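The chain contents come next:
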Amino acid sequence: MKEYVYEGKIAEEVFNKALEDLKVSETDILFTKEEVKGKLFKSGTVKFHIFLNSDIANYVKDVLDRIISNLGIKATYEVSIREKQINIKMYSDNNPILIGKNGQTLTALTAICKQAVYSKINVYPYLNLDVENYKDKQVMHLERLAKNIAREVRSTGKEIMMDNMNSYERRIVHNVLTDFKGVTTISEGEEPNRHIIVKPIN
């Protein structure tokens, strides 16, 4: 994974020069910023360590390849990058193993890949892993469930507490109910027991 280092006195100028040189926008990169203290009678500088999301995606594919091949599974990958989000969809000859019960293996693979990237560049990537259309189907199911609960809350006037969900799932529910008339959503609890409460708007 290639690292691009830019250093100068004014942070904004250094950062803009990096974007110009690399011909990218801020959504195409991850970076860390380092304040470098100046020597005697000299002012300090700022240093940016920049990594392209496309390079990070390739590194994640390499990590996945090593893990998956050790499981005796052959896989291919479809990569897309939107904004800062790296999306990698896996197609294999044994999808159930990669997904795991209730998506637990897929969640674990995501955590391992994020940590692997962090150990290299000191920044966690915005990474979404999927196996074929597993997550797409889960999103559709969750959106239907959230809307059904919202309709019940609106008709009965009583709040409903949903099951515990991870941050990704909670964001889906919040988003789908943002413009749903007559209800509002809040998150409560501590991880991993954090959940959403759908409340009526009086």
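Below is a summary of the structure that appears in this document. (Residues numbered from 1 in each chain as written. Predicted model: local features only at pLDDT ≥ 70, side-chain atom pairs only at ≥ 80, totals over all residues. Heavy atoms only, no water.)

**A look at the overall build of the protein**
A tally of regular secondary structure across the protein gives six helices and nine strands. Relative to the 2.2 N^0.38 estimate, which gives 17 Å for 202 residues, the radius of gyration of the protein is 22 Å and therefore markedly larger than a compact globule would have. C-alpha atoms of the protein, sized along the principal axes, occupy 70 × 50 × 30 Å. Taken across its 202 residues, the protein has 36% of its residues classed as buried. (Helix = DSSP H or I, 4+ residues; strand = E, 2+ residues; numbered from the N terminus. Rg over C-alpha atoms; globule rule 2.2 N^0.38 Å. Buried < 20%, exposed > 50% of the residue type's maximum accessible area, 1.4 Å probe, protein only.)

**Details of the nonpolar core**
Nonpolar side chains tend toward joint burial in soluble globular proteins. Formed by 27 residues in total, the largest nonpolar core has its most connected members in Ile 56, Val 60, Leu 64, Ile 88, Met 90 and Leu 129. Of all the secondary-structure elements, those providing two or more residues to this core are α2 (53–70), β5 (85–92), α3 (95–99), α4 (104–121) and β6 (126–131). No other element matches the seven residues that α2 contributes to this core. Sequence-distant contacts of Met 90, that is, excluding residues within four places in its chain, are made with Leu 64, Ile 68, Thr 76, Tyr 77, Leu 106, Leu 109, Leu 129, Asp 130, Val 131 and Glu 132. One finds Val 139, Ala 150, Val 153 and Met 165 within the second-largest nonpolar core, a separate group that totals 16 residues. (Core = buried A, V, L, I, M, F, W, Y, C linked by side-chain atoms within 4.5 Å. Contact = heavy atoms within 4.5 Å.)

**Points about the packing of aromatic side chains**
Under the counting rule described, the total for this entry stands at four aromatic pairs. An aromatic cluster is built from Phe 15, Phe 31 and Phe 48, whose rings are joined through pairwise contacts. Geometry around Tyr 168 places Lys 135 over its ring, the cationic atom sitting 4.8 Å from the centre. (Phe/Tyr/Trp six-rings, centres within 6.5 Å; stacked < 30°, edge-to-face > 60°. Lys NZ or Arg CZ within 6 Å of the ring centre and 35° of its normal.)

**Digging into the pairing of strand β8 (residues 183–188)**
Along any regular strand, the residues point their side chains to alternate faces of the sheet. Bridge analysis of β8 against strand β9 (residues 195–200) gives six bridges, and the strand direction is antiparallel. Bridging from a neighbouring strand, Glu 188 pairs with His 195 of β9. The antiparallel pairing of β8 with β9 creates a hairpin that spans six residues between the two strands, and Gly 189 there sits at a positive phi of about 95°. (Pairing = 2+ DSSP bridges.)

**Section: the side chain of Arg 170**
Tracing the chain through its elements places Arg 170 in helix α6 (residues 167–177). Among the polar contacts listed, one links the side chain of Arg 170 to the backbone oxygen of Met 165, at a separation of 2.7 Å. Each residue touching Arg 170, except ones within four places of it in the same chain, is listed here: Met 165, Ser 187, Glu 191, Arg 194, His 195 and Ile 196. (Polar contact = N/O pair within 3.5 Å; in protein donor to acceptor, adjacent residues only side chain to side chain.)

**Things to note about the packing of helix α5 (residues 134–156) against α6**
Contact geometry of α5 with α6 gives a least axis separation of 9 Å together with a crossing angle of 50°. When the interaxial angle is binned, α5 and α6 end up oblique. In this structure, the crossing between α5 and α6 has a hand that is right-handed. Contact residues: Lys 135, Val 139, Leu 142, Glu 143, Ala 146, Lys 147 and Ala 150 in α5; Tyr 168, Glu 169, Ile 172, Val 173, Val 176 and Leu 177 in α6. (Axes fitted to C-alpha atoms, helices over the stretch in contact; angles between N-to-C directions. Parallel < 35°, antiparallel > 145°, perpendicular 65-115°, else oblique. Left-handed = near helix turned anticlockwise from the far one by under 90°.)

**Some words on the layout of surface pockets**
What the largest pocket holds in volume is close to 1200 Å³. In terms of lining residues, the largest pocket is bounded by 36 residues, among which Lys 135, Asn 166, Ser 167, Tyr 168 and Glu 169 are the most central. Those elements that provide at least two residues to the lining of the largest pocket are β5, α4, β6, α5, β7 (160–164) and α6. Looking at the lining of the largest pocket, the element that brings in the most residues is α5, giving eight residues. Among the residues forming the lining of the largest pocket, the class breakdown is 16 nonpolar, 14 polar and six charged. In this structure, the second largest pocket encloses a volume near 170 Å³. Lining the second largest pocket, in full, are Glu 78, Ser 80, Arg 82, Asn 87, Ile 88, Lys 89, Asn 128, Asp 130, Lys 135, Asp 136, Val 139 and Tyr 168. Secondary-structure elements contributing two or more residues to the lining of the second largest pocket are β4 (75–82), β5, β6 and α5. When the residues that make up the lining of the second largest pocket are grouped by side-chain class, the tally is three nonpolar, three polar and six charged. (1 Å grid on protein atoms, 1.4 Å probe; cavity = no way out; pocket = protein on both sides within 12 Å on 5 of 7 lines; lining within 4 Å. Points joined across faces, edges and corners; volume = space filled by probe spheres on them. Nonpolar A, V, L, I, M, F, W, Y, C, P; charged D, E, K, R; others polar.)

**Some words on the pattern of salt bridges**
Scanning the entire structure with this criterion turns up four salt bridges. When the shortest N-O distance is used, the salt bridge between Glu 159 and Lys 199 registers 4.0 Å. A residue pair is termed long-range when its members are at least 10 positions apart, and Glu 159 in the loop between α5 and β7 and Lys 199 in strand β9 qualify at 40 residues. For Glu 159, a relative accessible area of 47% gives the class partly exposed. (Salt bridge = Lys/Arg side-chain N within 4 Å of Asp/Glu carboxyl O.)

Distances and angles like these do not, on their own, reveal function.
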